[in-house]
Number of protein chains: 2
Amino acid sequence: MPAISKKGKHLPESPIRKLAHFANQAKQKGIHVHHLNIGQPDISAPKEALDVVKNSTLKLLPYGSSEGSISYRTSLVNYYAQNEIDISPEDIIVTTGASEALSFTLNCVCDAGDEIIIPEPFYANYNGFAAAASVRVVPVISHFEHQFKLPDLKEIEAKISAKTRAILLCNPNNPTGYLYTEKEICALGEIAVKYNLFFIIDEVYREFIHNKELKHFSVLQAKGLEDHAIMIDSVSKRFSMCGARVGAMVSRNKELIATALKFAHLRLSPPTYALMASEAALNAPKEYLEKVISKYTNRKETLMKALQKIKGVEVSNPTGSFYCMVALPVKDAEDFSKWLLTDFNDKNETVMLSPAAGFYSTPGYGVNQVRIGFVLNEKKLLRTAEIIEKALEHYPNS
Amino acid sequence: MPAISKKGKHLPESPIRKLAHFANQAKQKGIHVHHLNIGQPDISAPKEALDVVKNSTLKLLPYGSSEGSISYRTSLVNYYAQNEIDISPEDIIVTTGASEALSFTLNCVCDAGDEIIIPEPFYANYNGFAAAASVRVVPVISHFEHQFKLPDLKEIEAKISAKTRAILLCNPNNPTGYLYTEKEICALGEIAVKYNLFFIIDEVYREFIHNKELKHFSVLQAKGLEDHAIMIDSVSKRFSMCGARVGAMVSRNKELIATALKFAHLRLSPPTYALMASEAALNAPKEYLEKVISKYTNRKETLMKALQKIKGVEVSNPTGSFYCMVALPVKDAEDFSKWLLTDFNDKNETVMLSPAAGFYSTPGYGVNQVRIGFVLNEKKLLRTAEIIEKALEHYPNS
C-alpha cells in the first residue's frame, strides 16, 4: 500500500470533532446529546439573509469572482466603517469561511519549516492549518489564573527566531473568551514591526463582548501596521451562518493581497448562495446583533453561576466570544468527555464537551480543562450544568 | 515590510483567470466579452436543485458533517452504482468543490518536496495546488497531433523517482477533451501498483462524452487498485452548479480516507445550501443529463467546423469534457488573448480565451495554443469563431 504523507499522519485530530463518533453512537442508543463542544449558534440568522436565497431567481449556479464581488466587498467596507475600521474593497479577499482565510494567510506568509507564534490555548484548528502548510506552531503559554491575558512580551520576544514569520491571535479569543486590549494589541504590533513579522488577528467574534465598558480594538485600527496587519473574518458566528462558509482576509499590504488572490483564483470562488446570504445579512437592522449579543451575555452569566456551584469546578470569566474554559476535578478531561458519551446518561441525556488539551500545543497543558460554548438557551444550559454535576459524582476515573 | 512566502511568490497565475482584469476593462468600455476561457456552463441547473433551496425552511445555517451527511453520501453511492462504480458511503469525503478534494488528496499523499506525475497539458490549477502543498509536478508530454492520448508508458516510467508519490489524470480531460480508454487506465494502474504509487483521477466530466461508441471507465472500476485509486468528483459541470462548490474525494483506501477526514474536520464543513442543492440534483430525471450532453455535443460539432474553416487554425477533436485545444497562427497565444481584450473588438464584441501555455508545466510548450470551452449556445459560438477569424486578420504580432 502506498504511504500516507507524514503531514497527514501527524495532523492532530480536531478536539472539537474527534469525539463525534461516540456522540453518534450515543444518539443511536436514543440518548439526547447536548452539544457544548462546538461553536454552532442556535439563534436564528437574519431574515434578510434567508429571504434573499428563498427569493433567488438563479437558473444555474455560476462561479463568482475569486476575490468576492465588488458589491459584497463594498458592503463589507461599509460594515467595517461602522466598526471604525477604515479599509477599501481592494484590501479584501472574500474566502470560504475563516478557515480558508487562515489557510491562504499561512500559505502567503510561510514556507515549509517556518514558524508562527501563538499564545496558547488557541483555536485548535490553527494547529491543523499550520500542519497542512508544514509550518511549526511556537506556543507562548497564557494562564487560566490570569484569565488568559496576553503573556509577558519578553516571553513572546524570547520565542522569535530567524524562522518566525508571524504572530497569530484570536480576539476575542476562542477558546478562552478573553478580549485583548488596545494596549496589548499595540504592544504586540510594535514587536511585529521590530522583528519584521506579520501580525494576524482572527476577529470573527468582534461584536461578542459581554462587558459594556470594554470595546473591541481591531488589528486594522493599530497605527504603523499597514504592511504587517492581517485580519481574518467570517459571517459564521455573527449571523448564525456557520454553514454558509463565507469569510474574509483583509490587509492593506498590497503584495500580500495580490498573492492571496492567486490562491483564491486556484479554488475559483466562494459558494454562490452563501455569498448572496452574507451580503443580505449586512442589511439586517442594528437591533439584530444587539439582541444576539445580549442573549449570549445572559447565557454566559447563567452558565457561569451554575458551573461555579459545582464542587471542584473552576470557570474562566470570558469577556468576549461565546466560549469559556472550565477546569474539572478530573485527571483527564478527554477521558471524562468520552465517558460522558459512552458510559453516562441522566434521564437519557448527556453532554458533549471539547477536551481542552487539543487547544494547547505544549504537551501536558490543559489536560483537566474543557472548552464550553454557550450556544444553547439558558434552560438547556442549566440542564447541562446539572448533567455535568451528576456525571462528576459518578465518574470512576476522577 | 515582512516578506511574502517563496511558495506564494512563485505560485503561477491561473491562465483561466489571469486576463480577467483586461476583460473587466473591456466591459467598462462597453464591449461585450464572450467568455470561452472558463468552464462556466450556461445551461440551467436541475429544477429539483434550485427548488429545494427556494423552499428551504432553515432558520439558521448550521455546520454540516465534515465528511458530508450520510444521506448525501448514500445518494452519491446510488449515483455511482448507476455508473457501474461500486463503493460505500464510508469511501466518500464530501468536499468544497473538486478544488478542495484535490487539495486534501495532495496533502494526504505528499509531503513538501515530493513529486507527482501528470501528463501535460493538464488543468492549470493542478500546478497551483501542487505549489500550495510544496509538491513538484513532473510532466510527461502528450501531443496535439495524437489528440493528446496517453504518452508512452516507458516515458512515464522514466519519470518515476524515489520522491514520486502519485500519478494524476483528468478523464475526460480538461483542457484537451481526450477520453482515456479502459486499456490506458488499467495500464497506468499497473504502473501505480508496480511502483507503489497513488493513482488519482479527476472525473468531474464523467458523463460528457461526445461519441456514443465510447464509454467512460472510472479509476474505481479498475481491478487491484483498491489501495491506490483516488477519484475526484464535483457537481459543478454535471449540474451547471459551479458556484455550489460541492465535490468529493472517493477511495477504498481506509487509511487515506481517515486522514482526509482530519483535513475535512479542520475546515469544518462544506456549504449548507449547496449541499441541499447537490443532493436534490441527484433526483433530476435521467433526461436532464441526456439533454445537457447532447447540447454540448452539438456545440462541439458546430464550433469545430467553424474553427477549422479559419486559415491557419488547428483544432483538437475532443471526445469528452467541453473543451478543445486550438493551435492559432500566432507566435504567442497569450499576447493574442490579451490583445483581443485590450485592442480589438468587432461591432463592440470580443472574445476571452485561455492561453494554453499555463496548462503545460514545461516552459515553451503550447505557446501558440489556447483552450476553448464550448459553454455558449451554437449561435454565439459561431459568432465567436467569426470574431476570432477577424481578429487574426488584424492582429499585428502574428
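Residues numbered from 1 in each chain as written. Chains lettered and ligands numbered in written order. Predicted model: local features only at pLDDT ≥ 70, side-chain atom pairs only at ≥ 80, totals over all residues. Heavy atoms only, no water.

(A) How the structure looks around the confidence of the model for chain A. Overall, the predicted model of chain A reaches an average pLDDT of 95, with 100% of residues at or above 70. Across the predicted assembly, pTM comes out at 0.95 and ipTM at 0.93. (pLDDT = per-residue confidence, 0-100.)

(B) Spotlight on the interface of chain A and chain B. Facing the 77 residues of chain A at the interface are 77 residues of chain B. Of the roughly 6,600 Å² buried where chain A meets chain B, counting both sides, 57% is carbon and sulfur surface. It is Arg17, Tyr63 and Leu266 of chain A that lose the most area in chain A upon contact with chain B, and together they represent 12% of the buried surface on that side. The interface formed by chain A and chain B includes zero salt bridges. Our enumeration of links across chain A and chain B arrives at 42 residue pairs in polar contact (both at pLDDT 80 or more). Where the side of chain A that touches chain B is concerned, the elements lending two or more residues are α1 (6–10), α3 (47–54), α5 (97–109), α6 (125–132), α9 (254–266) and α10 (272–281) of chain A. Considering each element in turn, the side of chain A that touches chain B owes the most residues, seven residues, to α9 of chain A. Looking at side-chain class alone, the side of chain A that touches chain B contains 37 nonpolar, 24 polar and 16 charged residues. (Contact = heavy atoms within 4.5 Å. Buried area = accessible area lost by both parts, 1.4 Å probe. Salt bridge = Lys/Arg side-chain N within 4 Å of Asp/Glu carboxyl O. Polar contact = N/O pair within 3.5 Å; in protein donor to acceptor, adjacent residues only side chain to side chain. Helix = DSSP H or I, 4+ residues; strand = E, 2+ residues; numbered from the N terminus. Nonpolar A, V, L, I, M, F, W, Y, C, P; charged D, E, K, R; others polar.)

(C) Spotlight on helix α3 (residues 47–54) of chain B. Ala49, Leu50 and Val53 of chain B are the residues of α3 of chain B that are buried. With its buried residues spanning 95° around the axis, α3 of chain B presents them on a single face. The inward-facing, buried residues of α3 of chain B abut α3 and α10 of chain A together with α10 (272–281) of chain B. (Buried < 20%, exposed > 50% of the residue type's maximum accessible area, 1.4 Å probe, protein only. Arc of directions from axis to C-beta.)

(D) Highlighting the sheet that holds strand β10 (residues 323–327) of chain B. Residues and elements named next belong to chain B. The strand order β9-β10-β13-β12 describes an open sheet built from four strands, whose pairing is antiparallel. Each edge of the open sheet is held by one strand with a lone partner, namely β9 (314–315) and β12 (354–355). The sheet contact formed by β10 and strand β13 (residues 369–373) spans five bridges and is antiparallel. Bridging across to β13, Met325 finds its partner in Arg371. (Pairing = 2+ DSSP bridges.)

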